[in-house]
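# Structural description and commentary
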Amino acid sequence: MADDIPNIEELSTIVHSPPKTPWMDTPTVIRKGMFCHPANPKSLDYLSMPYGRKWAPMEEDWKLPENWVEIISDGLRDRLTRFRSLRIFMDCCVRCGACADKCHFFIGTGDPKNMPVLRAELLRSVYRKDYTLAGKLLGRMVGARPLTYDVLKEWWYYFFQCSECRRCSVYCPYGIDTAEITIIGRELLNLIGLNIDWIATPAANCFRTGNHLGIQPHAFKDMIDFFCDEIEDVTGVRVNPSFNRKGAEILFVTPSGDVFADPGTYTAMGYLILFHYLESQGLDITWSTYASEGGNFGLFTSHEMMKRLNAKMYAESKRLGTKWILGGECGHMWRVIHQYMDTMNGPADHLELPKSPITGTVFQNAASTKMVHITEFTADLLRHNKLKIDKSRNDHQILSFHDSCNPSRGMGLLEEPREVIKGVCNHFFEMPEKTIREHTFCCGSGSGLNAGENMELRLRGGLPRANAFKHVHETHGVNTLATVCAIDRAALPTALDYWVPGMRVTGVHELVANALILDGENERTTDLRGEPLAGMEEEE
Amino acid sequence: MNVKDSITISAVAVLAIIALGALGAIVPVLRPVFGIAIPYAAVAVFLLGVVAKVLGWGKTPVPFAIPTTCGQQKSLPWIKASYLESPWTKKGVIARMALEILCFRSLFRNTNMSMKQGPKIFYGPTLWLWIAALAFHYTFLTVFIRHFRFFLEPVPFPIKMLETLDGFLQIGLPTVMVSGFILAGAATYLLLRRLMIPTVRYISLPNDFFPLFLILSIAVTGILMRYVTKTDVVGIKELTMGLVTFRPTVPDTVGMIFFVHLFLVSTLLAYFPFSKLMHMGGVFMSPTRNLTCNTREVRHVNPWNYPVKTHDYHEYEDEFRAHMVEAGLPVEKPLED
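Computed from a predicted model, the values in this text were never measured in an experiment. (Residues numbered from 1 in each chain as written. Chains lettered and ligands numbered in written order. Predicted model: local features only at pLDDT ≥ 70, side-chain atom pairs only at ≥ 80, totals over all residues. Heavy atoms only, no water.)

### A closer look at the overall build of chain A
Applicable threshold: Where helices and strands are cited, they refer to DSSP runs of H or I of at least four residues and of E of at least two residues respectively, numbered from the N terminus. Radius of gyration: over C-alpha atoms. The globule rule applied is 2.2 Å multiplied by the number of residues raised to the 0.38 power. Each residue is assigned to one of three classes by its accessible area relative to the maximum for its type, calculated with a 1.4 Å probe on protein chains only: buried under 20%, partly exposed between the two thresholds, exposed over 50%. Working rule for contacts: check all heavy atoms of both residues, and any pair within 4.5 Å makes them a contact. All accessibility values rest on the Shrake-Rupley procedure with a 1.4 Å probe; residue burial counts only the protein chains present in the view. When charges are counted, neither His nor the chain ends are considered; positive counts come from Lys and Arg and negative counts from Asp and Glu. Note that the charge is assigned to NZ on lysines, CZ on arginines, CG on aspartates and CD on glutamates.
Tallying secondary structure elements over chain A gives 22 helices and seven strands in all. A compact globule built from 540 residues should have a C-alpha radius of gyration of about 24 Å, and chain A, at 23 Å, falls within 12% of that. If you line up chain A on its principal axes, its C-alpha atoms span 75 × 50 × 40 Å. Across the 540 residues in chain A, those meeting the buried criterion constitute 70%. Long-range pairs, those at least 24 residues apart, make up 76% of the contacts in chain A with a sequence separation of at least 6. Accessible surface, chain A: about 16,300 Å² in total, of which carbon and sulfur atoms supply 50%. Within chain A, the 69 negative side-chain charges are centred at a point lying 8 Å from the centre of the 58 positive side-chain charges.

### Overview of the layout of surface pockets
Counted only if it meets this: We place a 1 Å grid over just the protein atoms. Points where a 1.4 Å probe fits but has no way out form a cavity, open points with protein on both sides within 12 Å along at least 5 of 7 lines form a pocket, and any residue with an atom within 4 Å of a point lines it. Grid points are joined across faces, edges and corners, and a volume is the space filled by probe spheres set on the points. Note on residue categories: nonpolar means Ala, Val, Leu, Ile, Met, Phe, Trp, Tyr, Cys or Pro, charged means Asp, Glu, Lys or Arg, and polar means any other residue, Gly included.
Reported here for the second largest pocket is a volume of approximately 840 Å³. Lining the second largest pocket are 38 residues, with Ala134 and Val142 of chain A together with Tyr271, Phe274 and Ser275 of chain B sitting closest to its centre. Elements that contribute at least two residues to the lining of the second largest pocket include exactly α4 (84-91), α6 (116-131) and α7 (133-138) of chain A together with α1 (3-26), α2 (31-59), α9 (206-228) and α11 (256-271) of chain B. No other element matches the seven residues that α2 of chain B contributes to the lining of the second largest pocket. When its residues are assigned to classes, the lining of the second largest pocket shows 23 nonpolar, eight polar and seven charged.

### Considering the confidence of the model for chain B
Note the following rule: For every residue, the predictor assigns a confidence score, pLDDT, that lies between 0 and 100.
Taken residue by residue, chain B gives an average pLDDT of 94. The fraction at 70 or more is 98%. With pTM at 0.96, the complex prediction returns an ipTM value of 0.94.

### Some words on the environment of Tyr340 of chain A
Counting through the fold element by element, Tyr340 of chain A comes out in helix α16 (residues 332-345). By relative accessible area, which is 1% here, Tyr340 of chain A ends up buried. Put simply, Tyr340 of chain A and Leu299 of chain A are 41 residues apart on the chain and 9.7 Å apart in space, counted from C-alpha to C-alpha. Not counting residues up to four positions away in its chain, the partners in contact with Tyr340 of chain A are Glu180, Ile183, Leu299, His303, Met306 and Arg335 of chain A together with Phe64 and Ile66 of chain B.

### With respect to the sheet that holds strand β6 (residues 480-483) of chain A
Two pairing modes exist for strands in a sheet, parallel and antiparallel, and in both the strands are linked by backbone hydrogen bonds. All names here are of chain A. In plain terms, the rule: Paired strands, in this sense, are two strands between which DSSP finds at least two bridges. Axis lines are fitted through C-alpha atoms, for helices just across the contact stretch, and the angle between N-to-C directions can take any value from 0 to 180 degrees.
One open sheet holds the three strands; their spatial order is β5-β6-β7, and the pairing between them is parallel. Edge strands, defined here as strands with exactly one partner in the open sheet, are β5 (399-402) and β7 (504-507). Across this sheet, the average inter-strand angle for adjacent strands is 35°, counted without regard to direction. Of the pairings in the sheet, the one linking β5 to β6 comprises four bridges and is parallel in character. Across the sheet, residue His402 finds its bridge partner in β6, namely Thr483. Sheet contacts for helix α22 (residues 508-515): β5, β6 and β7; angle to β7, the most-contacted strand, approximately 80°.

### Brief notes about α6 of chain A
All names here are of chain A. Spelled out, the test is: Residue count minus one, scaled by 1.5 Å, sets the expected span of a helix. The angle separating two fitted axes, one through the seven residues that finish at a residue and one through the seven that start at it, defines the bend at that residue.
With 16 residues, α6 should cover 22 Å at 1.5 Å per step; its first-to-last C-alpha distance of 21 Å lies within 8% of that length. The axis of α6 is deflected most strongly, by about 40°, at Leu122. Burial analysis of α6 places 13 of its 16 residues in the buried class, the great majority of the element.

### Details of the pairing of strand β2 (residues 120-125) of chain B
All names here are of chain B. Pairing of strand β1 (residues 111-116) with β2, which is carried by six bridges, proceeds in the antiparallel orientation. Bridge pairing in β2 places Met115 opposite Ile121. Linking two consecutive strands that pair antiparallel, namely β1 and β2, is a turn of three residues; a positive phi of about 145° is found at Gly118 within it.

### Digging into helix α13 (residues 313-327) of chain B
Its 15 residues place the ends of α13 of chain B only 17 Å apart at the C-alpha level, less than the 21 Å of an ideal helix rising 1.5 Å per residue. Residue Phe320 of chain B marks the point of greatest curvature in α13 of chain B, where the axis turns by about 75°. Looking at the buried positions of α13 of chain B, the neighbouring elements they touch are α11 (197-209), α12 (217-235) and α15 (303-320) of chain A. Immediately beyond the C-terminal end of α13 of chain B, within one or two residues, lies Gly328 of chain B, with a positive phi of roughly 80°.

### A closer look at the interface of chain A and chain B
How we decide: The buried area of a pairing is the accessible area, by a 1.4 Å probe, that goes missing from both parts when the two are put together, added over both. One speaks of a salt bridge when a side-chain nitrogen belonging to Lys or Arg is within 4 Å of a carboxyl oxygen belonging to Asp or Glu. Definition of a polar contact: a pair of N or O atoms within 3.5 Å, with one able to donate and the other able to accept a hydrogen when the atoms are protein atoms, and with sequence-neighbouring residues admitted only if both atoms are side-chain atoms.
The interface is formed by 121 residues belonging to chain A together with 92 residues belonging to chain B. Interface of chain A and chain B: buried area, both sides summed, is about 9,400 Å²; carbon and sulfur atoms make up 59% of it. Taken as a group, Arg84, Arg95 and Thr343 of chain A account for 9% of the area that chain A buries against chain B, more than any other trio of residues on that side. The tally of links from chain A across to chain B stands at eight salt bridges. Taking the shortest distance from any N to any O, the salt bridge between Glu332 of chain B and Lys246 of chain A comes out at 2.7 Å. On inspection of chain A and its partner chain B, the count reaches 71 residue pairs in polar contact (both at pLDDT 80 or more). Considering each element in turn, the side of chain A that touches chain B owes the most residues, nine residues, to α16 of chain A. Of the residues contributing to the side of chain A that touches chain B, the split by class is 55 nonpolar, 33 polar and 33 charged.

### Concerning the nonpolar core
Note that soluble globular proteins tend to have their nonpolar side chains buried in a common cluster. Definition in use: Throughout this description, the term nonpolar core refers to a set of buried Ala, Val, Leu, Ile, Met, Phe, Trp, Tyr and Cys residues connected via side-chain atoms within 4.5 Å.
Grouped together as the largest cluster of nonpolar side chains are 172 residues, with contacts concentrated most on Leu123, Leu152, Trp155, Trp156, Leu194, Tyr340 and Phe469 of chain A. Grouped together as the second largest cluster of nonpolar side chains are 80 residues, Met269, Trp334, Leu351 and Ala482 of chain A included.

Written out as C-alpha cells, the structure is:
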C-alpha cells in the first residue's frame, strides 16, 4: 500500500484551473487511490440492502440491475416529495462560485468536479432534465442531461469523494448544503447496491454486534479490561468500569474507534480515569456492549439505515433504566445525536433531564434528547473546580485544537472542548482563524472514506488541515493536535505524518486523564502513552 | 456547453427579444399585443409560477432539523453563545435570516484561497462578490420601486422621497438616477467575474448569462430612454395606468425603445419562476438557515417517520449469550442447561 502513495512533490503539484473542455464533456476517469472498494455483498445482505454483488469500479460493467434507471428515477422522485432541502437545493443555486474553493477535496485535488457547486450539479443536471420545464425543452443548453451509465459512475465516484463536512454550506448565500446532496445521492446509489465497503461492513457490524468493528460483547469487555491494566501500570490505580448494569444513573456511549485503535484508545483510557475519579463524588455510570457504538455509518448510507443503527442507544437506556446518556468524543455520531436521534427514535420519555450528579448543573440544552457531550460535562466540572489537575503533566505537548466538522457545523460545539483543553494544559495555540471553528477543515477521511485503498484522496483532502497545523507548528512549536472525533484520531495521524512528520494527535480526554490527580496514585513519570513527562526524561 | 456557446446562445436570445420588441412597436397590429397582452400574460405567468413553486416547496416536509451552526451553541450558562449564528429562538432565527437576506451575511464571510509552492495555502478575505451582489440587488430594488410612479396616481410620497434620494447627484436635467447606473455597473461586474475567474467560468451555463444579459439590456434601455432619446413619458404613464386600472390603451406616441424595454421586462417576469432567479423565494426556505439550533432541547417532528427493522437487545443476547455469561456480563435470560 505504502508504495502506491505518491511522494510529497507529486501531491504538492495541484492545478486549480479547470480543463478546457466543458464539464459535461469531460469524461470522469476513475483513478486508483481515489476511491474505496465496493461493498462486500455479505454486508449488504445482512442489512437487507438490495443488489449486493461483486463488482469492480475500474471495470466497464458494474453489473447493474436491468431496470436501474427506473429505480434511481423513482428514488429521486420519492425523495423530492420528502425532503424540502433537496428541492430547494436543486432549484436555488445561482452558481456564484462562493463555495468553489471551500472544499478540502477541491483544494487538495484541483478537480473541478470536487467544487461543491459542480458536485451538486452532477445530480442537479439529471433533476433538471426530468423535473424542470426548461430542462425538458432545452436540455444541455440549461445544464440538463439524461441519466446515463457514465453519469451514474460519475455520481458514485464523486459522492464518495465528499466527506459531508458542510464547509461549503457556511459560505453559500442560500445555505445549500452539499452534505445533504451527497447523503441523498448516496441513498440513491444504495438503491442499486452501489456502496463502498468501508461503509457497508461497519454498518453491518454495527447492526449485529453493536459497533462498527464487529467487537463481540466479551471481546469488548476484554479490551476495556486491557485498558484498565494499562492505566494501573501508568498510575498505580485500578479502575473498575461496569458493563450493561441495570439501574445505573448514566449510560455512556462512545465511538468504538476509541476502544479499538491508537491513539483513540488513550482517549478511552481518559474516560475510564475520569469516571473512576468521579465515582467517589457520586458518578454512577455504565458502559454497554450492546450500545457499544456512538458512530453511525447509516448517515453515510441512508436516512433509514441511520435510524436503524441509532435506535439502540435509547433502547439500551430504557432496558437498563438509566436516567440520561453521556456521549464520548465523536464527530458524525454527534451530528446524528444532535440533529436526528430525537426525531427518528424519540421522544425519549423514559429518560430524565440530564443533571450532573457532581455539580448539579442541569443540561437544559439537552432537555429533549437527554444526551450530553462529554466535553460539556467535563467543562462544567472544571468550571466548578471539581477536578484536581496538574497541568504540567501535559507540558511536553504544545497543543492546537482541530474542530471536527460535525460538532462545529452541525452542533455548534466550539468552546466546550477549548475550555477543557485550557483547563488541563498550559500550552495552547489556535490555528489561523479561517481554518477553525465554523471555518474548520475536514481531516479528509470523514463520512466513511477512512479506508486504505483511497489513501491519495485522503492525503489530498487532509492537506488544508495539515497546512494550517504546519503553520502553528512552525510559528509556535505546536506538536500535538487535539480533537473530539474518533475518525480524526484515526485519520489525522496518517495525514499529518505525511505533510508534517512526527506530530501527534490526541483526544481531549486523554489530556484530561494525564492531568487528573487520582487518590492513591503513584508519582507519574509518563503520560498514558508511556512517553516521559516534561522533566522526567532523565529518569527514563 | 463551453463558455463561447453559452454566451452566444444567451446573446442571440436576448438580441432576438430586443428585435421582437422593436417589431412589436413598428407593426401596428402588434402594438396592442406587445403593449397589453404580453405584459398581462407575463405578470400572470410570474405570479402563478412563483406561487406554484413556493407552494411546491412549502408542501414538501422538512423531516429533520439540519441547521448549519456557524457559531457557538447555547449550552452552559457561562459559555457565550452566538445568538445570530446558532440561534435557539424563533426571534434569533428571524434575525439570522434578516442578516442573510438583507445583508448577505454568508457572502460577507467569503474567503479566497491561494496556494504557493510548498505547498502553502492562504485564505484571504474577499468582499468583491459581496459588494457587487449587494449593489446589484439593492439598486434593482430601488429601480423597481421607483417605477411605481408609472403605476400610481397620485405618486405616493415615499416613492418621491426615494427618487430624491436616488437623484442626489444633481447633474443637469433630467436628474441622474444613480441606481440605474450602479445596477448596470454591478451586472457588468458580475458578468466579467463569470468570464475572468476560471472556476466560475467553468460552472457558468447559458442560464447564468441569459438573465444577466436580459437585466443589462433592461438597464441600458431604461437609461437610454431617460437620458438619450426623447421618450414620451406622458404616453407611457397613460399606457401603464391603463394596464393597472384594466382599461388598457396604447398611445401612438409611445416609441420603439419603450416597447423593447417592456418586452425585455415581460420576458424576465415570465422567465423568473422557471429559473435560478427563484433563489429570491428559496433563500427564505433553506432548512440549513431557517431552523432553530436547539435540536437537543426541543424535539423536531418528522411527518413521515416510519418504523424500521432494528436489531434489538434480545436478538443480540440470543446470539452472544454464552460468551456474555463466560465473560461475566449480566444477561436477561440464563444459559439453558
